[in-house]
Amino acid sequence: MAWRELGKKGIRASLTTDLTSRLRRHGFTSVSTVDDIIKSMSAAVRCTPDPSFMSRRFDFNEALTKESLVRCYRASPELFARKGNDESFGLKTPKKEKFVKRDSKAQPPVEAPYVPPKSQRTTKPISDKTIEIFEGMTVVELAKRTGESISTLQGILTNVGEKVGTEFDPLSMEVVELIAMEVGINIKRLHSNEGSEILPRPPVVTVMGHVDHGKTSLLDALRQTSVAAKEAGGITQHLGAFVVGMTSGASITFLDTPGHAAFSAMRARGAAVTDIVVLVVAADDGVMPQTLEAMAHAKAANVPIVVAINKCDKPAANPERIRIQLASEGLMLEDMGGDVQVVEVSAMKKTGLDNLEEALLLQAEIMDLKARIDGPAHAYVVEARLDKGKGPLVTAIVKGGTLLCGQYVVVGSEWGRIRAIRDMAEKLVEKARPAMPIEIEGLKGLPRAGDDIIVVESEERARMLSAGRKKKFEKDRLIKIVEERASEEQDKKLSVGSKNKFEKDRHMKIIDERAEAQQPETSEEEPKRVEVPIIVKADVQGTVQAVTDALLNLNSPQVFVNVVHVGVGPISQSDLDMAEACGACIIGFNIKTPPSSVSLAAARASVKIMLHRVIYHLLEDIGNFIVDKAPGTPETKVAGEAEVLSIFELKGRSKSKGPDVKIAGCRVIDGFVTKSGILRLLRSGEVVFEGSCESLKREKQDVDTVKKGNECGLVIQNYDDFRVGDMVQCLEQVIRKPKFVSSESGAARIEC
């Protein structure tokens, strides 16, 4: 069979030479042996082989399979030149078949599923996971918490410029944060006190309560100052921090928080950084909304409360009523078997201050407040403002460690090198220790109130950490915007799809019934929602946030308040250009009056600038501005009522003047009746007909309006069945504007 197949391809002539060379390579060196094998194979083609040859051929084939048998044999040209040579060798010529071109494109089967390529590393959402990090964390520990491989984390270490050693080498907290931001995981810093010097520290006390309950006056009595008299409007609108030396020789760090409803975020920040909360309640006023809010902030932060009942010197003071109100709100007072101390004080008479000091120091002694003194500092931003000569200034309280002048710090997404440290008396100091309120100068940008201050080892590391945080913050902001828009679109789809077929049929049936009764349909369309763009400028970062939150609370179904830009500092030309571009108004709070050039440019560009120093006046002014911008809701109003006294009929009129007419002689008993209004005829309190006024006359003169107390004659179009005693109401279409509402606590809203 092998010989026949080779013969079909026309290569029989060169087979002998090839077989000879192959047999000699496999050990058949004798010429006679090679010739015998070739002759035996030739005989095997013409006759049936015997069993000895079959075994011999099997050995021969086994020897040839040790190397590749795929070989190209080239026949001589003479074999292809001669026709009919195949028949002379005893071979049959194959039949020529039709050539079919084969499709070279590799197409997958129809039923084969598509398998996407496997990604190298799965991407996680930004806010999907939060891990706790600490100083000295190893790559192995970080890999366990993040779920990433050690090789991936080592590659990120190389990208951030860190030397890659073993997976058990300790890493700084800044490097760990950079790695966490790279893999898309949120972090929470844990500050350890192991191996550090731990010493007692002064307590941080936050004074909270309702507006105008005497918080700042109480602090003035403790530190012998008069800050309350200098406050605009007599209320605190900033978050202040200062140290008060008590008569016993101890020192306490106080935080003064505003009591207005707009400054809820400031009170939350004060509760987050404090050790003890002093809840000030006026004895003549009682528990108010901001009092309850302060209690909620303190409970959320797990901070003990000391109650100070102020204004006990007033004749209307009733401390027992205050105790009962606080107990009913879930505050367990000492007088009622609880653990919350209650002190009666008077800021004006300066009575009970020693008892308040004793209560605070006792609570601090129970808590055994201590902090780490050595090592890098960790501080908390209380407030941030922009100074014209010094640049960004940050008011902070040190939580642990020692903050030194000249260190590189990262505050939120901003960074810088500390140029100067000042205490609350504006004296320069070289270092700041725990529970010490300070003012830091030297940042490159203005951070947000509530950010943490961390110390880094170099400028390069500070730049990298700041850039990474800015990128993450912007990405989170964009994701939040996309999610809000997606939720709004989903709500619209659900609201549209909620109308089923039954409701549509019922609505159409009502419309048909009204059309049959020939009564005009008074369906009120939903008013359009207009956008009011606003630019907010204030003196400090915390006030900017408070004013922005208060403005966003003024949103209503008719008006959307869009805060397009916020900033700290005076109004500049760039703010004016932005306001002119987007049609916004500028709100300035506790800032200087803009230069005359900016004021003139604003007048030419028709840009409204509102400057205020008191939050009450600001909210009232912007509330009225929003009400004016609102489109309002169209509604039908009864403008006046008239009683039918007699009926007159005009007969025998010419064709040019029309058919006979019935006139109702009426007297207006309330409001006024107009010719342009819709007239509604009531009989025994039920509506008989509604239609437009065809004619209105008074003393044979056509008039447009008839006021209360006057008599008139009127004709209702397409109706003449008047009766004496019927009531005619004049309806007019009016636009009802929203209303600005402000509560006693200062909370403002827009009611539609």
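Just so it is clear, the model here is predicted, and its values are computed rather than measured. (Residues numbered from 1 in each chain as written. Predicted model: local features only at pLDDT ≥ 70, side-chain atom pairs only at ≥ 80, totals over all residues. Heavy atoms only, no water.)

With that settled, consider the overall build of the protein. When you go through the protein residue by residue, the secondary structure sums to 20 helices and 33 strands. Within the protein, residue pairs in contact and separated by at least 24 positions form 70% of the contacts whose partners lie at least 6 positions apart. Carbon together with sulfur atoms contributes 51% to the accessible area of the protein, which is approximately 43600 Å² in total. (Helix = DSSP H or I, 4+ residues; strand = E, 2+ residues; numbered from the N terminus. Contact = heavy atoms within 4.5 Å. Areas by Shrake-Rupley, 256 points an atom, 1.4 Å probe, with all protein chains shown as cover.)

Strand order in the open sheet formed by 4 strands is β21-β20-β22-β23, and the pairing between neighbours is parallel. The open sheet terminates on both sides in strands that have one partner only, identified here as β21 (559-568) and β23 (609-612). If you compare each strand with its neighbour and ignore which way they point, the axes differ by 25° on average. Looking at chain direction, strand β22 (residues 585-589) and β23 are connected through 4 bridges and run parallel. Bridging across to β23, glycine 588 finds its partner in leucine 611. Sheet strands touched by helix α18 (residues 573-582): β20 (530-538), β21 and β22. Its angle to β20, the strand with the most contacts, is close to 175°. (Pairing = 2+ DSSP bridges. Axes fitted to C-alpha atoms, helices over the stretch in contact; angles between N-to-C directions.)

What follows deals with the nonpolar core. Residues Ile534, Val547, Leu551, Leu554, Ile587 and Ile622 are the most contacted members of the largest nonpolar core, which totals 27 residues. Contributions of two or more residues to this core are made by β20, α17 (541-552), β21, β22 and α20 (615-629). With 7 residues, the single largest contributor to this core is α20. Discounting residues that sit within four places of it in the chain, leucine 551 has contacts with Ile534, Val536, Val561, Ile587 and Ile622. (Core = buried A, V, L, I, M, F, W, Y, C linked by side-chain atoms within 4.5 Å. Buried < 20%, exposed > 50% of the residue type's maximum accessible area, 1.4 Å probe, protein only.)

Bringing α20 into the picture now. Across its 15 residues, α20 extends 21 Å between first and last C-alpha, which sits within 8% of the 21 Å expected from 1.5 Å per residue. Those residues of α20 that sit buried are Ile615, Leu618, Leu619, Ile622, Gly623, Phe625, Ile626 and Val627. (Expected span 1.5 Å × (residues − 1).)

This part covers helix α9 (residues 173-183). For α9, the buried fraction is high: 9 of the 11 residues fall into the buried class. Looking at α9, one finds that the buried residues are Met173, Glu174, Val175, Val176, Glu177, Leu178, Ile179, Ala180 and Val183. Where α9 ends, the next residue or the one after it, glycine 184, has phi of about 80°, a positive value.

This paragraph deals with the packing of aromatic side chains. Going through the model one piece at a time under the given rule, you end up with 2 aromatic pairs. Ring centres of phenylalanine 689 and tyrosine 719 lie 5.0 Å apart, and the angle between their planes is 15°; on these two criteria the pair is classed as stacked. Separated by 30 residues along the polypeptide, phenylalanine 689 in strand β27 (residues 686-698) and tyrosine 719 in the loop between β30 (711-716) and β31 (727-736) bring together distant segments of the chain. Taken as a pair, phenylalanine 689 and tyrosine 719 share a single burial class, namely buried. Ring plane angle 90° and centroid distance 5.7 Å describe the contact between tyrosine 719 and phenylalanine 722, whose orientation is recorded as edge-to-face. Comparing tyrosine 719 with phenylalanine 722, the two get one shared label, buried. Members of the aromatic cluster, each reached through a chain of ring pairs, are Phe689, Tyr719 and Phe722. (Phe/Tyr/Trp six-rings, centres within 6.5 Å; stacked < 30°, edge-to-face > 60°.)

Time to look at a negative patch on the surface. Side chains of Glu483, Glu484, Glu488 and Glu489 sit close together on the surface and give a patch of like negative charge. Residue position: glutamate 489 is located in helix α15 (residues 459-497). (Patch = residues over 30% accessible without salt bridge, like charges linked within 9 Å, V, L, I, M, F, W, Y side chains within 5 Å. Salt bridge = Lys/Arg side-chain N within 4 Å of Asp/Glu carboxyl O. Lys, Arg positive; Asp, Glu negative; His and termini not counted. Charge placed at Lys NZ, Arg CZ, Asp CG, Glu CD.)

Although it is not a glycine, aspartate 368 sits at a positive phi angle of roughly 55°. Relative to the helices and strands, aspartate 368 is located in the loop between α14 (353-367) and β10 (370-372). Taking the relative accessible area as the measure of exposure, aspartate 368 reaches 51% and is therefore exposed. Phi at serine 606 is positive, roughly 60°, even though this residue is not glycine. By secondary structure assignment, the location of serine 606 is in the loop between α19 (596-604) and β23.

Within a regular beta strand, the side chains point alternately toward one face of the sheet and then the other, so they alternate between its two faces. Residues Met610 and His612 line the buried face of β23, whereas the alternating positions Ile609 and Leu611 sit on a face that is not buried. With α19 bridging β22 and its parallel neighbour β23, the resulting β-α-β unit is right-handed. (Right-handed = clockwise from strand over helix to strand, strands pointing away.)

Bringing the pattern of salt bridges into the picture now. Inspection of the entire model under this criterion finds 20 salt bridges. The salt bridge involving arginine 323 is made with glutamate 320; its shortest N-O contact spans 3.4 Å. Taken together, the residues arginine 323 and glutamate 320, both in helix α13 (residues 319-328) and 3 residues apart, mark about one turn of the helix. Among the residues examined, arginine 323 registers a relative accessible area of 9% and is labelled buried.

If you trace the backbone, glutamate 439 turns up in strand β18 (residues 437-443). Only 3.1 Å separates the side chain of glutamate 439 from the side chain of arginine 385, close enough to count as a polar contact. Non-local contacts of glutamate 439, meaning those with residues more than four positions away in its chain, are made with Arg385, Leu393, Val394, Thr395, Ala420, Ile421, Arg422 and Met424. (Polar contact = N/O pair within 3.5 Å; in protein donor to acceptor, adjacent residues only side chain to side chain.)

With that settled, the discussion passes to the pairing of β31. Across 10 bridges, the pairing between strand β24 (residues 633-650) and β31 is antiparallel. Of the residues in β31, the one forming a bridge with proline 634 is isoleucine 735. With 5 bridges joining them, strand β26 (residues 678-683) and β31 adopt antiparallel strand pairing. Within β31, the position partnered with leucine 681 by the bridge is valine 728.

Turning next to the side chain of aspartate 726. With respect to the secondary-structure elements, aspartate 726 resides in the loop between β30 and β31. Within the structure, aspartate 726 has its side chain in polar contact with the backbone nitrogen of arginine 723 (distance 3.0 Å). Contact partners of aspartate 726, with chain neighbours within four places excluded, come to Ala642, Glu643, Val644, Leu681, Leu682, Arg683 and Asp721.

As a further point, take the confidence of the model for the protein. Per-residue pLDDT for the protein has a mean of 75; in total, 71% of the residues score no lower than 70. The secondary-structure element of the protein with the lowest mean pLDDT is helix α4 (residues 51-64), recorded at 44, while strand β14 (residues 408-411) shows the highest, at 92. Note on residues 47-91: pLDDT is under 50 here. Beyond four places in sequence and across chains, it has 37 contacts. In this model, residues 226-235 is a region of pLDDT below 50 whose contacts with residues beyond four sequence positions or in other chains number 17 contacts. (pLDDT = per-residue confidence, 0-100.)

Moving on to the environment of glycine 136. Mapped onto the elements, glycine 136 comes out in the loop between β1 (130-134) and α7 (139-146). Sequence separation between glycine 136 and phenylalanine 168 is 32 residues, and the spatial gap between their C-alpha atoms is 9.9 Å.

Take the state of the cysteines next. Applying the stated criterion to the full structure yields 0 disulfides. No disulfide involves cysteine 712; its nearest neighbouring cysteine sulfur is the one of cysteine 666, lying 5.4 Å away. For the unlinked cysteine cysteine 730, the closest cysteine sulfur is that of cysteine 693, found at 7.9 Å. Here cysteine 730 falls in the buried class, since its relative accessible area comes to 0%. (Disulfide = S-S within 2.5 Å.)

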